[in-house]
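Residues per chain are reported as follows:
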Amino acid sequence: MTDLATAGGGSLVQRAMQAVRDHIRDNDLKVGDTLPGEGHFVGLMGVSRAVMREAFGGLAALRLIDVANGRRARVGAIDGSVIAASLDHAVATSQVSISEIWDVRRTLEVRTAELAALNRTEEEAALILSLAEAMAEAGDDMAKVTVCDTALHQAIARASHNPLFLQIIQSFAPMMRDAVPAAWRTRTTEGERADVLIRHRALAQAIADRDAAAAHQVMTSHFDRAIDEMLRADHAR
């Protein structure tokens, strides 16, 4: 038997993790399909069970496999929480700023708005419209405004019918818990707050009307203003 544990670079655990990923790819496994047990890979690679246990744990932490007590590991579904954890770490360690993340968000969400206008179902359009109204009805209840705003952007991403867009947009949710109230604090007049709500309603209506150009324009304007407000707030500190 070729000792695969001594081939290639990286630690034993890293190579064991790659062996499992290679097995998934080479056997064309899909989400929910079962994987061989740790013993299979122990025999294949010539490593200890402790190494394979750690490899399975690492893959589970990355959501690449789903491991539960009492049953075989299964192929995991795409999960934006891994991206969210990485972004949160990047911000906490000053590797990137919130405004830089929002600039990336702007690029992604302008495209999701266009795609949502083209691809949304009637049910998705109704949900997007209702969330825009719920955000307006939340008034000064900042917790509710934040929930509605976050849900609205995720509903738009879902309506794009590109699952990767949805996962990435969902990964921004933890940061929005702080960013949305912070943005609202920069809007000190009733007119400024009303303008934000008008733009969200206009965005929802453009998607409902299947007007991709209007959705692009409104989402671009929304993020341009939001980023400007964020930068002004940073400079004021």
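All values reported here derive from a predicted model rather than from experimental measurement.

## Quick notes on the packing of aromatic side chains
- Evaluation of the coordinates by the stated rule reveals one aromatic pair.
- With a centroid separation of 6.1 Å and an interplanar angle of 65 degrees, the aromatic rings of F41 and F56 are classed as edge-to-face. Of this pair, F41 sits in helix α2 (residues 38–45) while F56 is found in helix α3 (residues 49–61), placing the two residues 15 residues apart along the sequence.
- Take F41: its relative accessible area is 1%, and that puts it in the buried class.
- Judged by its relative accessible area of 6%, F56 falls in the buried class.
- The ring centre of W102 lies 4.6 Å from the NZ or CZ of R105, which sits over that ring.

## A closer look at the environment of S171
- Mapped onto the fold, S171 is located in helix α8 (residues 163–171).
- In this structure, S171 is in contact with G80, I83, A84 and L87, ignoring residues within four places of it in sequence.

## What to know about the pattern of salt bridges
- In this structure the tally under the stated criterion is 12 salt bridges.
- Put simply, K30 and D28 hold a salt bridge, and the shortest N to O gap is 2.9 Å.
- Using a relative accessible area of 48% as the deciding quantity, one classes K30 as partly exposed.
- Classification of D28 by relative accessible area gives exposed; the value is 52%.
- As a salt-bridge pair, R201 and E133 come within 2.9 Å of each other at their nearest N and O atoms. Remark: E133 occurs in helix α6 (residues 122–137) and R201 occurs in helix α10 (residues 190–208); sequence separation between them is 68 residues.
- According to the relative accessible area criterion, R201 is partly exposed, its value standing at 35%.
- Residue classification places E133 among the partly exposed residues on the basis of a relative accessible area of 32%.
- Sharing partners across several salt bridges, the network here consists of D22, R25 and D26.

Calculation notes
Residues numbered from 1 in each chain as written. Predicted model: local features only at pLDDT ≥ 70, side-chain atom pairs only at ≥ 80, totals over all residues. Heavy atoms only, no water. Phe/Tyr/Trp six-rings, centres within 6.5 Å; stacked < 30°, edge-to-face > 60°. Helix = DSSP H or I, 4+ residues; strand = E, 2+ residues; numbered from the N terminus. Buried < 20%, exposed > 50% of the residue type's maximum accessible area, 1.4 Å probe, protein only. Lys NZ or Arg CZ within 6 Å of the ring centre and 35° of its normal. Contact = heavy atoms within 4.5 Å. Salt bridge = Lys/Arg side-chain N within 4 Å of Asp/Glu carboxyl O.

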